[in-house]
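What the coordinates show
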Amino acid sequence: MTRSTPPEVAERRRLEDILRGCGIERDWLRYKDGINRSMVRSVVREAREAGINVREISRLTGLSTQTLHTWMQPHMRHVPAAHYGRLGLPPSSLEEAALRTIAEDPNRSWTPTEVYEAIPPEWLRGTVTVAETADALETLARTHQIWDAEDSDAYRLAQP
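Bear in mind that the values here come from a model prediction, so they are computed numbers and not experimental data. (Residues numbered from 1 in each chain as written. Predicted model: local features only at pLDDT ≥ 70, side-chain atom pairs only at ≥ 80, totals over all residues. Heavy atoms only, no water.)

**Considerations on the packing of helix α2 (residues 54-61) against helix α3 (residues 65-72)**
The N-to-C vectors of α2 and α3 enclose an angle of 120°; their axes lie 9 Å apart at closest approach. In terms of crossing hand, the pair formed by α2 and α3 is right-handed. Along the contact surface, α2 presents V54, R55, I57 and S58, while α3 presents T65, L68, H69 and M72. The residue inventory of the contact of α2 with α3, partitioned by class, reads 4 nonpolar, 3 polar and 1 charged. (Axes fitted to C-alpha atoms, helices over the stretch in contact; angles between N-to-C directions. Helix = DSSP H or I, 4+ residues; strand = E, 2+ residues; numbered from the N terminus. Left-handed = near helix turned anticlockwise from the far one by under 90°. Contact = heavy atoms within 4.5 Å. Nonpolar A, V, L, I, M, F, W, Y, C, P; charged D, E, K, R; others polar.)

What follows is the structure, encoded as structure tokens:
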């Protein structure tokens, strides 16, 4: 058994105090992170409805888009019209046309231009633009019928 000198004991005690302080601070940060996540979770739905897209929420909060989508899952609306695809009666709105178009390939992220180009011409009646299609997709996302895609300015069908 080695004997420690008083300076060695004092140095050990000093380092233990630093480490204990780090542990207490880590616990406090973990607690604050939990509170922070709860705050974000409580406003993510309202933020999306106000027009802040998931990518922007992710950038502002530092949370992943995957986490945000997981939190939004309970708020997503079931939309049976999406599963008609291009079959059935013509859609009654541009939003429904866009929804039914992206339902043709539900695992794909769709840009507004891609949706516009994929909507059957007989549904458009020559009066719809790409910008209006983008607005329709944003409306669908704000009303929790589709999701913002994680990686770009695109949208995708919410998982059932």
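**Some remarks on a nonpolar patch on the surface**
Judged by side-chain polarity, W28, L29, Y31, I35 and M39 come together as a nonpolar surface patch covering roughly 550 Å² of accessible area. Note that Y31 resides in helix α1 (residues 6-49). (Patch = residues over 30% accessible without salt bridge, like charges linked within 9 Å, V, L, I, M, F, W, Y side chains within 5 Å. Areas by Shrake-Rupley, 256 points an atom, 1.4 Å probe, with all protein chains shown as cover. Salt bridge = Lys/Arg side-chain N within 4 Å of Asp/Glu carboxyl O.)

**Concerning the environment of I52**
Note on placement: I52 falls in the loop between α1 and α2. Take I52: its relative accessible area is 33%, and that puts it in the partly exposed class. C-alpha separation for the pair I52 and W71, spaced 19 residues apart in sequence, amounts to 15 Å. If near-sequence neighbours (up to four positions away) are discounted, I52 is found in contact with A47 and I57. (Buried < 20%, exposed > 50% of the residue type's maximum accessible area, 1.4 Å probe, protein only.)

**A few points about the packing of aromatic side chains**
Counted under the stated rule, the structure contains 1 aromatic pair. Ring centres of W28 and Y31 lie 5.3 Å apart, and the angle between their planes is 35°; this geometry places the pair in the tilted category. On the criterion of helical spacing, the pair formed by W28 and Y31 is a turn pair, its members being 3 residues apart in helix α1. On the basis of relative accessible area, Y31 is assigned to the partly exposed category, the value being 47%. Above the face of the W110 ring, R108 is positioned so that its terminal group lies 3.9 Å from the ring centre. (Phe/Tyr/Trp six-rings, centres within 6.5 Å; stacked < 30°, edge-to-face > 60°. Lys NZ or Arg CZ within 6 Å of the ring centre and 35° of its normal.)

**A short note on α1**
Between the first and last C-alpha of α1 there are 64 Å, a value that for 44 residues agrees with the 64 Å anticipated at 1.5 Å per step. At V43, α1 shows its largest bend, some 40°. Buried residues in α1 make contact with α2, α3, α7 (130-142), β1 (146-148) and β2 (155-157). Once α1 finishes, G51 follows within two positions and takes phi at roughly 105°, a positive value. (Expected span 1.5 Å × (residues − 1). Bend = angle between axes of the 7 residues up to and from the residue.)

**What about the packing of helix α4 (residues 94-102) against α7?**
Where α4 meets α7, the closest approach of the two axes is 9 Å, and the angle between their N-to-C directions is 80°. Of the possible angle classes, the one that applies to α4 and α7 is roughly perpendicular. Note on element contacts: α7 touches α4 through E132, T133, A136, L137, T139 and L140, opposite L94, E95, A98 and L99. In the contact of α4 with α7, the residues fall into 6 nonpolar, 2 polar and 2 charged. (Parallel < 35°, antiparallel > 145°, perpendicular 65-115°, else oblique.)

**Focus: the pattern of salt bridges**
For the coordinates displayed, the defined rule picks out 14 salt bridges. Between E138 and R48 there is a salt bridge, with the nearest N and O atoms lying 2.9 Å from each other. Of the two residues, E138 sits in helix α7 while R48 sits in helix α1, which places them 90 residues apart along the sequence. What makes R48 buried here is its relative accessible area of 0%. Among the salt bridges present, the one from R142 reaches E138, with a minimum N-O distance of 3.5 Å. Of the two residues, R142 and E138 both sit in helix α7, 4 residues apart, roughly one turn of that helix. With relative accessibility at 34%, the residue R142 sits in the partly exposed group. Taking the relative accessible area as the measure of exposure, E138 reaches 16% and is therefore buried.

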